[in-house]
Structure formats: C-alpha cells, structure tokens
Amino acid sequence: MLFVGHVGVYRHVRTHRVIIANCREYSRLTDNDIGKLATRAFWKEKYSRSNLNESTFDWFVEPDDVIKEIESRILKSGSHKLFRIMDIGCGTSSLALKLYSQVNNPIEIHCVDFVHEALGQQKNWSEQVLTKGHPFTSSHFVVADVCHLPYRNGIFDCVVDKGTMDALVKDRILGEEKCRKMLSEMERLLNQNGTILQISDEHPEVRQQLLETLTQNNCLTWSSSCISSFGNIEYFMYTARLETHLPTDS
Ligand SMILES: C[S@@+](CC[C@H](N)C(=O)[O-])C[C@H]1O[C@@H](n2cnc3c(N)ncnc32)[C@H](O)[C@@H]1O
C-alpha cells in the first residue's frame, strides 16, 4: 500500500496489489466488454500506458462545478477548520490538483485508487504546484480498494465519487454488492456533518433509486441535481448526508 504522508487516520486493511480508460476506449467497449470497467486489470493497463506528466483526464465533468459545491460545504463547516476530503477512485482526474492549488481554505485531500500508477501521476502533479491554495493544505495518496478502505470511522467532511461507482456497477455478477460495500465504506468515513457527492451520467430515475436501495440500512438521505449538460447528455450530482436523529424526550 502506498501511503504518502501518514496523518494518523488510517486503519489496517488487507493490501491490494496495484493497477487502468478514457472515453474513447469506453465507447469502443462492446456490451460484452463493458464489465471490464469493474476490473483492476482494465484500469491498470490504461494507466500503465500513460506517462508521468501526461495531462489529467476527467470523466463526465470538469471538476469546477464540483469544487463550487465543495467550497460551499467548507464555508458551512467553518472555514478556519481543516476540511478533510477524499477523491474515491481518483484516477487521473484534476479534481485533487485543483482543490490543492485553488481552494483558499486549509484542506487535507486523500486521493484513493487501486492503481498505483494513477496515484503516482497525482503525486507528481501535486509536487509541481508552485503555490498551494492554502499553506496548511496537504495531499495524500493511498492505494486501496474502495470496498475496504484503510481509514478510521467518522473522519471525513466530504467523500467525492466521480465515476467510480459507475465503474463498479458494470460487474454483472458482483456489481451491486461492490457498490453496496463502497457506499457503506463512504458512510462509515463521514463525520456527523459529512457529505457524499457522487457524479454520474445516470439519470435520477435510475440512480437515485439504486442509491436508496443499496443504502436502505444506512443512515443516508439522498438528493440529486443536474450539474452540467453537453448537448442532450446530462450529468448529475447525487448528494447524501447522514441523518441525524435528535434525542427524543422521554
Ligand atoms: C471512471 S474512472 C473515474 C476516475 C476519476 N474519478 C474521474 O472523475 O476522472 C473510475 C476510477 O475508479 C478506480 N476504481 C475502480 N474500481 C475501484 C476499486 N474497487 N477500488 C479502487 N479504485 C477503483 C479506477 O482505477 C478508475 O481510476
């Protein structure tokens, strides 16, 4: 497991060996092949082919709209406090890099993926940033399976999933179970005021129901909004917060 900058928030889980797509490759996949998106071998192969310093690649949407949402959460949480955020299945997205270099509040960014090479690129990019958004901001790169995350409970203010559950769900046999585990891990990591932000191209009629079914035993409430559109393709943001049960008077 690759840990860069130990911050005392991890717990031990079984190590997963490291591992890689872009939209063109995605669209070339046949219906029979689409299940590959749920495998480490696919992503490993993709990211191993790209060179260090290659430019970032973002699935679905550029991170700016997501960052606006994150910034509003930072303000709500009290901008003086360190805001801990995870990009779960970060791949070679520019989300972490933009958070690192643009957000003017102290944030601790955790990039998680099961492909070592993707995290190597993320680390390399963050080292090239000349001026961080805030002097106390830091980045951490962790190789892990999103279904078994090596972190203690309740320590994240925000977990962002951009396209990762979309990859997991492509496993025809184990897809739902993997998504259930990932969602349960995301919930476990949230602090009391924490939020999950999920970005997908799947319409709320399908995705919202899937999320509610998969988390019916969890304490999450989901809402959705259209975050961006390109022609008639729409992208959605699904937001979940922990339900807080106020003590009842007896
Ligand atoms: C569709 S890409 C999205 C990448 C990035 N979030 C973005 O927006 O561009 C899915 C990512 O999830 C990672 N991934 C898929 N299954 C995973 C798993 N079980 N554990 C950790 N990472 C996983 C892949 O390596 C890949 O980087």
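Residues numbered from 1 in each chain as written. Predicted model: local features only at pLDDT ≥ 70, side-chain atom pairs only at ≥ 80, totals over all residues.

## A few points about helix H5 (residues 116-128)
Link 1 in the chain: With 13 residues, H5 should reach 18 Å at 1.5 Å per residue; the first-to-last C-alpha distance of 19 Å fits that figure.
Link 2 in the chain: Along H5, the positions that sit buried rather than exposed are Glu 117, Ala 118, Leu 119, Gln 121, Gln 122, Trp 125 and Ser 126.
Link 3 in the chain: Contacts made by the buried residues of H5 are with helix H2 (40-49), helix H4 (95-102), strand S2 (107-113) and strand S3 (138-143). (Helix = DSSP H or I, 4+ residues; strand = E, 2+ residues; numbered from the N terminus. Expected span 1.5 Å × (residues − 1). Buried ≥ 20, exposed ≤ 12 C-beta atoms within 10 Å, placed from the backbone. Contact = placed C-beta atoms within 7 Å.)

## Things to note about helix H3 (residues 64-77)
Helical geometry note: an α-helix holds 3.6 residues per turn, so side chains three or four residues apart project in the same direction.
Link 1 in the chain: Helix length check: H3, at 14 residues, gives a terminal C-alpha distance of 20 Å against a target of 20 Å (1.5 Å per residue), a fit within 8%.
Link 2 in the chain: Listed in full, the buried residues belonging to H3 are Val 66, Ile 70 and Ile 74. Angularly, the buried residues of H3 cover 80° about the axis, an arc narrow enough to put them on a single face. What points out from H3, more than 90 degrees from its buried face, is the exposed set Asp 64, Lys 68, Ser 72, Leu 75 and Lys 76.
Link 3 in the chain: Contacts made by the buried residues of H3 are with strand S1 (83-88), H4, strand S4 (156-162) and strand S5 (190-200). (Arc of directions from axis to C-beta.)

## Some points on the site of the ligand
Link 1 in the chain: Contacts to the ligand come from 20 residues, most closely from Trp 43, Gly 89, Gly 91, Lys 162 and Gly 163.
Link 2 in the chain: Counting residues per element, the shell around the ligand draws most heavily on helix H6 (residues 164-168), at four residues.
Link 3 in the chain: Per-class residue counts for the shell around the ligand are ten nonpolar, five polar and five charged. (Near = placed C-beta within 6 Å. Nonpolar A, V, L, I, M, F, W, Y, C, P; charged D, E, K, R; others polar.)

## A closer look at the sheet that holds strand S7 (residues 233-242)
Link 1 in the chain: Spatial strand order, S3-S2-S1-S4-S5-S7-S6: seven strands in an open sheet with mixed pairing. Edge positions in the sheet fall to S3 and strand S6 (220-230), since each has one partner strand and no second. In this sheet, neighbouring strand axes are inclined to one another by 20° on average, regardless of whether the strands run parallel or antiparallel.
Link 2 in the chain: Bridge count between S1 and S4: three bridges; the pairing is parallel. Bridge assignment links Met 86 to a residue of S4, and that residue is Val 159.
Link 3 in the chain: The sheet contacts of helix H7 (residues 175-189) involve S1, S4, S5 and S6, and relative to S5 the element is tilted by about 145°. (Pairing = 2+ DSSP bridges. Axes fitted to C-alpha atoms, helices over the stretch in contact; angles between N-to-C directions.)

## Some details on the environment of Thr 131
Link 1 in the chain: Inspection of the secondary structure puts Thr 131 in the loop between H5 and S3.
Link 2 in the chain: For the pair formed by Thr 131 and Tyr 100, sequence separation is 31 residues and the distance between their alpha carbons is 9.0 Å.

## Some details on the packing of H3 against H4
Link 1 in the chain: Following both chains from N to C, one finds H3 and H4 inclined at 50°, their axes separated by 10 Å at the closest point. One finds that H3 runs oblique with respect to H4. Once H3 is placed against H4, the crossing between them reads as right-handed. Where H3 approaches H4, its residues Val 66, Ile 67 and Ile 70 are matched on the opposing element by Leu 95, Lys 98, Leu 99 and Gln 102.
Link 2 in the chain: Class assignment of the residues belonging to the contact of H3 with H4 gives a composition of five nonpolar, one polar and one charged. (Parallel < 35°, antiparallel > 145°, perpendicular 65-115°, else oblique. Left-handed = near helix turned anticlockwise from the far one by under 90°.)

## Focus on unusual backbone geometry
Negative phi values dominate among residues other than glycine, just as trans dominates among peptide bonds.
Link 1 in the chain: At Phe 60, a residue that is not glycine, the phi angle is positive and equals roughly 65°.
Link 2 in the chain: Structurally, Phe 60 can be placed in the loop between H2 and H3.

## Focus: the pairing of S5
Link 1 in the chain: Pairing of S4 with S5 involves six bridges; the strand directions are parallel. In the strand pairing of S5, Asp 161 is matched with Gln 198.
Link 2 in the chain: The pairing of S5 with S7 spans six bridges and is classified as antiparallel. Residue pairing for S7: Thr 195 is matched across the bridge by Arg 241.

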